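# Reading the structure
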Amino acid sequence: MTAEQKEIKLDTSNILEILGVNDENLKQIEDRFSASITVRGDSVFVKGVKDEIDVIEKIFKEMIYVQNTNGNLDSSDVNTIILLTKEGKEIINKEEYESIILYTKNDTIKAKTQGQKNYIDIATKNDICFAIGPAGTGKTYLAVALAVAELKKGNVKKIILARPAVEAGESLGFLPGDFQEKIDPYLRPLYDALDDMMPSEKLKGYLEKTIVEIVPLAYMRGRTLNNAFVILDEAQNATDVQMKMFLTRLGANSKAIITGDITQIDLPGKSLSGLVQAKDILSHIDGVGFVYFDKSDIVRHKLVKDIIDAYEKFNKTNGNNNSK
């Protein structure tokens, strides 16, 4: 049979633990198969017959899953995984594999609701995806996870996260510190999401090298973003002019996700929300996808859904609507 070669990406921050002390886990796999296995960086290159390559790929995925689920992986775990996989048995099924977006330093990130599954599917298939819905539905968190996954796979070279600083308004000048210190509180949720998904030292290095940028929306003007995964968060607070500016920054081999809640618009006066306008203008363009979440997709504390329900009832009773 003709030998084939395949690259297997180790989508985990714990590569050394997957390979084992002195590569003992890797050696267990090498001893059971005739295929040649080489590790370079975060990739495993397997050369051999296709059937063996498929089994070895499955073994590595099972090892990563066990390590992320249990917090550790020892040689006996690896032995069990190899035996079960060679017998055609699975620890997790194919559907569960495919639902995993990212292996983090503590866990796996995957869709928890049907709305989130739909979100991931649409965001993957389109270069621009709008995610619209209430707080707590995972719009931003999953967008950041998708971006980190694409960066780890080498499909993009940088991540850019942007937010309009509308909440700062006129009070920005009265806050202590320089401009970066004043604006950081409005960007903090993006830092927090990233901190969940990669080791602190790696994130620090990415930020220093601007492989990851977290910026106010105004800083996007005049740029062309090639080979980038770009996220605009709280997009309901971007004006129509800002939204057009953001969308036209996209360069070659780039993707964008725009998230927002059109019931929580904080723009001053009669300013038009760029998210509301984009929903009307761009919904029929190929390559642009829209996802709409509802209360059934809320994955935060169970009280969040009840709080949103209570406010909606209050607004209906009092004829008050914040959607502007």
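Everything below is about the structure printed above this text.
Read on for a plain summary of the structure. What you are looking at is a predicted structure, and each value in this text was computed from that prediction instead of being measured.

### As for the sheet that holds strand E2 (residues 36-40)
Spatially, E1-E3-E2 is the arrangement adopted by the three strands of the open sheet, whose pairing is antiparallel. Every other strand in the sheet has two partners, leaving strand E1 (4-9) and E2 as the edge strands with one partner each. Mean inter-strand twist for the sheet, computed between neighbouring axes without regard to direction, equals 20 degrees. In the sheet, E1 pairs with strand E3 (residues 43-48) via six bridges, with the strands oriented antiparallel. Considered in E3, the bridge of Lys6 is made with Val46.

### Here we look at the environment of Thr263
By the element assignment, Thr263 lies in the loop between strand E10 (255-260) and helix H11 (274-281). When the C-alpha positions of Thr263 and Gly133 are compared, they lie 8.3 Å apart, and in sequence the two are 130 residues distant. At a separation of 2.7 Å, a polar atom in the side chain of Thr263 contacts the side chain of Asp261.

### Thoughts on a nonpolar patch on the surface
Where nonpolar side chains cluster on the molecular surface, the patch consists of Leu303, Ile307 and Tyr311 and spans about 330 Å² of accessible area. Note that Ile307 resides in helix H12 (residues 302-318).

### Quick look at H11
Looking at H11, one finds that the buried residues are Gly274, Leu275 and Ala278. Along the axis of H11, the buried positions cluster into a sector of 95 degrees, meaning they face one direction only. On the buried face of H11, the contacting elements are strand E6 (128-132), helix H10 (240-247), E10 and strand E11 (288-292).

### As for the pairing of E2
Within a regular strand, side chains alternate between the sheet's two faces. Relative to E3, E2 runs antiparallel, the two sharing five bridges. In the sheet register, Ser36 faces E3, and the bridge partner there is Lys47. From the end of E2 to the start of E3, which pair antiparallel, there are two residues, and Gly41 there has a positive phi angle of about 65 degrees.

### Remarks on unusual backbone geometry
Not every positive phi belongs to a glycine, and Asp23 is a case in point at roughly 60 degrees. On the secondary structure map, Asp23 appears in the loop between helix H1 (15-19) and helix H2 (24-32). On the basis of relative accessible area, Asp23 is assigned to the partly exposed category, the value being 33%. In this structure, Asn227 takes a positive phi of about 50 degrees despite not being glycine. In this structure, Asn227 sits in the loop between strand E8 (212-216) and strand E9 (228-232). For Asn227, a relative accessible area of 25% puts it in the partly exposed group.

### Points about the nonpolar core
One finds Tyr119 and Leu194 to be the most contacted residues of the largest nonpolar core, which totals 37 residues. Those elements that provide at least two residues to this core are strand E4 (100-103), helix H6 (114-125), E6, helix H7 (139-153), strand E7 (158-163), helix H8 (179-197), E8 and E9. Broken down by element, the residue count for this core peaks at nine residues, all from H7. Setting aside chain neighbours within four positions, we find Tyr119 in contact with Cys129, Ala131, Gly138, Lys139, Leu142, Ala143, Ile257, Thr259, Val291 and Phe293.

Conventions and cut-offs
- Residues numbered from 1 in each chain as written.
- Predicted model: local features only at pLDDT ≥ 70, side-chain atom pairs only at ≥ 80, totals over all residues.
- Heavy atoms only, no water.
- Pairing = 2+ DSSP bridges.
- Helix = DSSP H or I, 4+ residues; strand = E, 2+ residues; numbered from the N terminus.
- Axes fitted to C-alpha atoms, helices over the stretch in contact; angles between N-to-C directions.
- Polar contact = N/O pair within 3.5 Å; in protein donor to acceptor, adjacent residues only side chain to side chain.
- Patch = residues over 30% accessible without salt bridge, like charges linked within 9 Å, V, L, I, M, F, W, Y side chains within 5 Å.
- Areas by Shrake-Rupley, 256 points an atom, 1.4 Å probe, with all protein chains shown as cover.
- Salt bridge = Lys/Arg side-chain N within 4 Å of Asp/Glu carboxyl O.
- Buried < 20%, exposed > 50% of the residue type's maximum accessible area, 1.4 Å probe, protein only.
- Arc of directions from axis to C-beta.
- Contact = heavy atoms within 4.5 Å.
- Core = buried A, V, L, I, M, F, W, Y, C linked by side-chain atoms within 4.5 Å.

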